[in-house]
Amino acid sequence: MDKVLARGSGSAAARSRPRTAVVAMVAGAAMVAATIAVATSASAGTTLGASAAEQGRYFGTAVAVNKLSDSTYVGILNREFNMVTAENEMKWDATEPSRNQFNFSAGDRLVAHAQANGMRVRGHALLWHQQQPGWTGSLSGSALREAMINHVTQVATHYRGKIHSWDVVNEAFDDGNSGARRNSNLQQTGNDWIEAAFRAARAADPGAKLCYNDYNTDNWSWAKTQGVYNMVRDFKARGVPIDCVGFQSHFNSGSPYPSNYRTTLQNFAALGVDVQITELDIEGSGSSQATSYGNVTRDCLAVARCNGITVWGIRDTDSWRASGTPLLFDGSGNKKQAYTAVLNALNEGGTPPPTTAPPTSTPPTSTPPTSTPPTSEPPTTPPPTGACTATFTTNQWPGGFVTNVRITAGSSGLNGWTVSLTVPSGSAITNTWSAQASGTTGAVTFRNVDYNRQVGAGGTTEFGFQGTGTAPSGTPACAAG
């Protein structure tokens, strides 16, 4: 794919068909508001970034590093935006051109510019079926899975602490009416590949928000939208560490802004994830284009967990869809009607964001997926009073694993619990969620965290961990207190 023409995350075939995406981020929206407000030097109400910050949100843009020598481009960037996304510089082909040989120079340059100018950075994108380096074409199955997880781990580790939100997985669902996964080489490594990617990203960069990003998911009635929604709902129920959903929102006459766009954002947010508008561009001109931009902005502001908006480029001439003049500034850098519509909408205000951040993974309540049955059957009756039992499911791949542990309380319930198991020699735990671990190898004890301390009589809770090497086996020991 021509990276000069296709600056969006989509394929060449998708250029004629607009896209949509949702992203989620914020380490605590109140903190975001304070941080962004401090970061911008402009007065609130006069620029996009400053006005968004006044609403506890961000306003960002995609940046091509090779344009940082363009004074007009950089002038607008530094004045108007407080979040940046790399157009191509952090994708797989750019960061790992040869297997296990990484090149972060372009991405590092963007991060340095952002840090020097008080901007945050969205990482885009760790895994995508497009723009893969040529060497991945010779891999499949477990070999590709190992390379995939290694790539996520190495890139996220390099940028650890510098990325506000990662698009961990990009465009994994098919277009059309099936609501099914795209049949990519990544999907062919196993249906759990997206989950494995999110767990690896959490282990490598635990402070970043982890997002799923896609296009043509703006309309709530579309099958693709429902497919993504069902995946996110499943992930939240099982404690898979997903924090946000990104809506690309590439609109034109063939796929215009939908009237139920706000409903889509609200319904995803109700799952307990942040939503973000990640690659916004709207083809057209004049008042019609301005109206659509204003509507999108108001819809985001009406949803408390909509963290912000990113437009996919600065000037019309910078756009991957330049002939459609889809951005907020014309080719000379002048503000368009659409710019004024967005700024006015930001200054009208909206629903305040949450004042505290939710847990990075919600305590799951559903049973493990049927695709990975437990290694031992859960008890058919609750354990005795004051007791508990634990079972687990494991996804194992060459060199690593993810294990989910399910705890079942006895007839009097639990007010605290511990689970003990043995991690085999040569293996090690690299990340734990919804529990506190006493070590990384050998005999390891997991204790509850605050939000899953109490488990009702006969009820269940879950936690999980990721590791290198071979997963534990046997039946873990569970104790109350």
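As annotated in an unreviewed UniProt entry, the protein chain carries the name Beta-xylanase and comes from Micromonospora tulbaghiae. Listed under Sequence similarities (unreviewed entry) in UniProt, the entry text for the protein chain is "Belongs to the glycosyl hydrolase 10 (cellulase F) family."

A.B. asks: Before we move on, can you summarise the state of the cysteines with the specific residues and values?
C.D. replies: What we call a disulfide is simply a covalent bond connecting the sulfur atoms of a pair of cysteines. Using the criterion set out here, one finds three disulfides in the structure. Across the disulfide from Cys211 sits Cys244; the S-S distance is 1.9 Å. The chirality of the disulfide connecting Cys211 with Cys244 is left-handed, given an S-S dihedral of about -80°. With Cys211 in strand S5 (residues 209-214) and Cys244 in strand S6 (residues 244-247), this residue pair connects regions lying 33 residues apart in the sequence. On the basis of relative accessible area, Cys244 is assigned to the buried category, the value being 0%. Each disulfide of the protein chain joins two cysteines, and with those cysteines numbered along the sequence the arrangement is 1-2, 3-4, 5-6.

A.B. asks: I'd like a rundown of the packing of aromatic side chains, residues and numbers included.
C.D. replies: In the structure shown here, the tally under the stated rule is 17 aromatic pairs. Taken together, a centroid distance of 5.1 Å and an interplanar angle of 90° make the contact between Trp220 and Tyr229 edge-to-face. These aromatic residues form a ring-pair network of at least three members: Phe102, Phe104, Tyr159 and Trp166. Of note, Lys224 hangs over the ring of Tyr215, and the distance from its end group to the ring centre comes to 3.5 Å.

A.B. asks: So what's going on with unusual backbone geometry? Residues and values would help.
C.D. replies: Cis geometry marks the peptide bond from His124 to Ala125, where omega comes out at -10°. Structurally, Ala125 can be placed in strand S3 (residues 120-128). Despite not being glycine, Gln131 has its phi angle at roughly 50°, a positive value. Along the polypeptide, Gln131 turns up in the loop between S3 and helix H6 (141-158). At Asn216, a position not held by glycine, the phi torsion is positive, near 55°. If you trace the backbone, Asn216 turns up in the loop between S5 and helix H8 (223-238).

A.B. asks: Run through helix H10 (residues 286-302), naming residues and quoting values.
C.D. replies: In this model H10 runs 25 Å from its N-terminal to its C-terminal C-alpha over 17 residues, within 8% of the 24 Å that 1.5 Å per residue would give. Taken together, the buried positions of H10 are occupied by Gln289, Ala290, Ser292, Tyr293, Gly294, Val296, Thr297, Asp299, Cys300 and Leu301. Tucked into the core, H10 has its buried residues touching strand S7 (250-251), helix H9 (261-269), strand S8 (274-282), strand S9 (306-311) and helix H11 (337-348).

Conventions used here
- Residues numbered from 1 in each chain as written.
- Predicted model: local features only at pLDDT ≥ 70, side-chain atom pairs only at ≥ 80, totals over all residues.
- Heavy atoms only, no water.
- UniProt positions renumbered as here; feature names shortened; annotations may be inferred.
- Disulfide = S-S within 2.5 Å.
- Helix = DSSP H or I, 4+ residues; strand = E, 2+ residues; numbered from the N terminus.
- Buried < 20%, exposed > 50% of the residue type's maximum accessible area, 1.4 Å probe, protein only.
- Phe/Tyr/Trp six-rings, centres within 6.5 Å; stacked < 30°, edge-to-face > 60°.
- Lys NZ or Arg CZ within 6 Å of the ring centre and 35° of its normal.
- Expected span 1.5 Å × (residues − 1).
- Contact = heavy atoms within 4.5 Å.

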